Amino acid sequence: MVTAERIRAAVAAVPDPEIRVVTIAELGILREVSVDGDGSTAVTITPTYVGCPAMDTIRADIRAAARRAGAPDVRVDTVWSPAWTTRWIGEEARAKLAAAGIAPPGDLPESSGDLPEPVGAAPAGTRLLPLAVTGTPPAPACPRCGGRAERLARFGSTACKSLWRCESCGEPFDHFKEH
Ligand SMILES: [Zn+2]
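Residues numbered from 1 in each chain as written. Predicted model: local features only at pLDDT ≥ 70, side-chain atom pairs only at ≥ 80, totals over all residues. Heavy atoms only, no water.

Asks: How would you summarise the confidence of the model for the protein chain if you had to cite specific residues and measurements?
Replies: On average, the protein chain scores 85 in pLDDT, and the residues at 70 or more come to 83%. This model gives residues 112-123 a pLDDT under 50, and the stretch forms 4 contacts once residues within four places in sequence are excluded. Of the regions scoring below 50 in pLDDT, residues 126-134 engages in 5 contacts with residues more than four places distant in sequence or in other chains. (pLDDT = per-residue confidence, 0-100. Contact = heavy atoms within 4.5 Å.)

Below, the structure is given as structure tokens:
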């Protein structure tokens with residue numbers, strides 16, 4: 001018996017292939033699941049960033065999960081706008097990341113998106129003012145002991161994470177980078 005509910009639940013439960021403790025729904029990658037009367041399924045996802053190597057796996061996992069739940073055919077569409085942001089990662093997923101030893105993304109400074117774009121070339125002799133500095137998110141705390149951490153590398157086990165080491169307990173950990 002194919003039900004839309006069952007297919008939706010199966011798709012939502014697909015784990016992120018790189019961070020298997022969280023689902024694509026919890027990460028905010030899953031945007032929409034629509035199921036027709038016969039179970040034909042259309043899924044919409046927003047990748048975390050352009051060129052994320054996990055996306056092909058996620059598409060294949062979505063198709064497999066929906067078929068196992070009884071969908072006769074599955075289409076996976078990708079939408080890029082609005083762009084995915086770590087703000088879409090829910091509270092529950094942040095807690096799961098921390099429990100897995102991955103420092104969750106911090107709060108992003110408010111977007112500076114409404115700053116006017118410079119138009120054309122400035123006249124000669126004009127002193128250009130620097131654009132407002134929006135600041136960087138604070139350094140993540142150690143997910144094990146909450147201690148201060150230093151960054152070891154811009155990239156951790158995957159491109160969306162950076163590598164840090166706790167100055168208190170000495171443990172290295174991944175940090176899900178804000179964007
Ligand atoms: Zn620590």
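Asks: Describe the coordination of the zinc ion, naming the residues involved and giving the relevant values.
Replies: Ligation of the zinc ion by protein atoms is provided by Cys142 (SG), Cys145 (SG), Cys166 (SG) and Cys169 (SG), these donors lying 2.2 to 2.4 Å from the ion. For the zinc ion, all donor residues lie on one chain, and their spacing in sequence is C-x2-C-x20-C-x2-C. Of the two residues, Cys142 is situated in the loop between strand E4 (102-103) and strand E5 (149-153) and Cys169 in the loop between strand E6 (161-166) and strand E7 (172-176); the sequence distance between them amounts to 27 residues. (Donors = N, O, S within 2.8 Å, 3.2 Å for Na, K, Ca; no water. Helix = DSSP H or I, 4+ residues; strand = E, 2+ residues; numbered from the N terminus.)

Asks: Lay out the environment of Ile29 in plain terms, naming residues and giving numbers.
Replies: Inspection of the secondary structure puts Ile29 in the loop between helix H2 (24-27) and strand E1 (30-35). Spatially, the C-alpha atom of Ile29 lies 8.7 Å from that of Thr44, the residues being 15 residues apart in sequence. In this structure Ile29 touches Asp16, Ile24, Thr44, Ile45, Thr46, Thr48, Met55, Ile58 and Trp84, once residues within four positions along its chain are discounted.

Asks: I'd like a rundown of the nonpolar core, residues and numbers included.
Replies: Of all hydrophobic cores here, the largest spans 31 residues; its most connected members are Val11, Ile29, Val43, Ile45, Ile58, Ile62 and Phe176. Secondary structure elements with two or more residues in this core: helix H1 (4-12), H2, E1, strand E2 (41-45), helix H3 (55-68), strand E3 (74-78) and helix H4 (91-99). Sorting elements by how many residues they give to this core places H3 first, with 5 residues. Residues from two domains meet in this core; each of domain 1 (4-78) and domain 2 (101-106 + 138-179) gives at least three. By size, the runner-up hydrophobic cluster in this structure holds 6 residues, among which are Ala103, Cys142, Ala149 and Phe173. (Core = buried A, V, L, I, M, F, W, Y, C linked by side-chain atoms within 4.5 Å. Buried < 20%, exposed > 50% of the residue type's maximum accessible area, 1.4 Å probe, protein only. Domains from an automatic or database assignment.)

Asks: Any details on the pattern of salt bridges? Residues and values, ideally.
Replies: Scanning all chains against the criterion turns up 6 salt bridges. One salt bridge in this structure joins Asp77 and Arg75, with 2.9 Å as the shortest N-O distance. When the shortest N-O distance is used, the salt bridge between Arg165 and Glu150 registers 2.9 Å. Here Arg165 is found in strand E6, whereas its partner Glu150 is found in strand E5, with 15 residues between them in sequence. Of the residues examined, Arg165 reaches a relative accessible area of 35% and is grouped as partly exposed. (Salt bridge = Lys/Arg side-chain N within 4 Å of Asp/Glu carboxyl O.)

Asks: Give a detailed account of the sheet that holds E6, specifying residues and quantitative values.
Replies: Taken together, the 4 strands give an open sheet; going across it, the order is E4-E7-E6-E5, and neighbouring strands pair in mixed fashion. Taken across any chain shown, the strands that pair with only one partner, and hence form the sheet edges, are E4 and E5. Across 5 bridges, E6 lies against E7 in antiparallel orientation. Looking at the pairing, Trp164 lines up with Phe173 of E7. (Pairing = 2+ DSSP bridges.)

Asks: Residue-level account of the sheet that holds E1, with values.
Replies: Here 3 strands make up an open sheet; going across it, the order is E1-E2-E3 and the pairing mixed. Because the sheet does not close on itself, it has two edges, and the strands there are E1 and E3. Between one strand axis and the next, the sheet turns by 15° as a mean value, whatever way the strands run. Bridge count for E2 against E3 is 5 bridges, and the pairing is parallel. From the neighbouring strand, Ala42 faces E3, where its bridge partner is Arg75. Each of E1 and E2 is contacted by H1, which is oriented at about 155° to E1, the strand it contacts most. Across the sheet, H3 is in contact with E2 and E3; its angle to E3 comes to roughly 150°. (Axes fitted to C-alpha atoms, helices over the stretch in contact; angles between N-to-C directions.)

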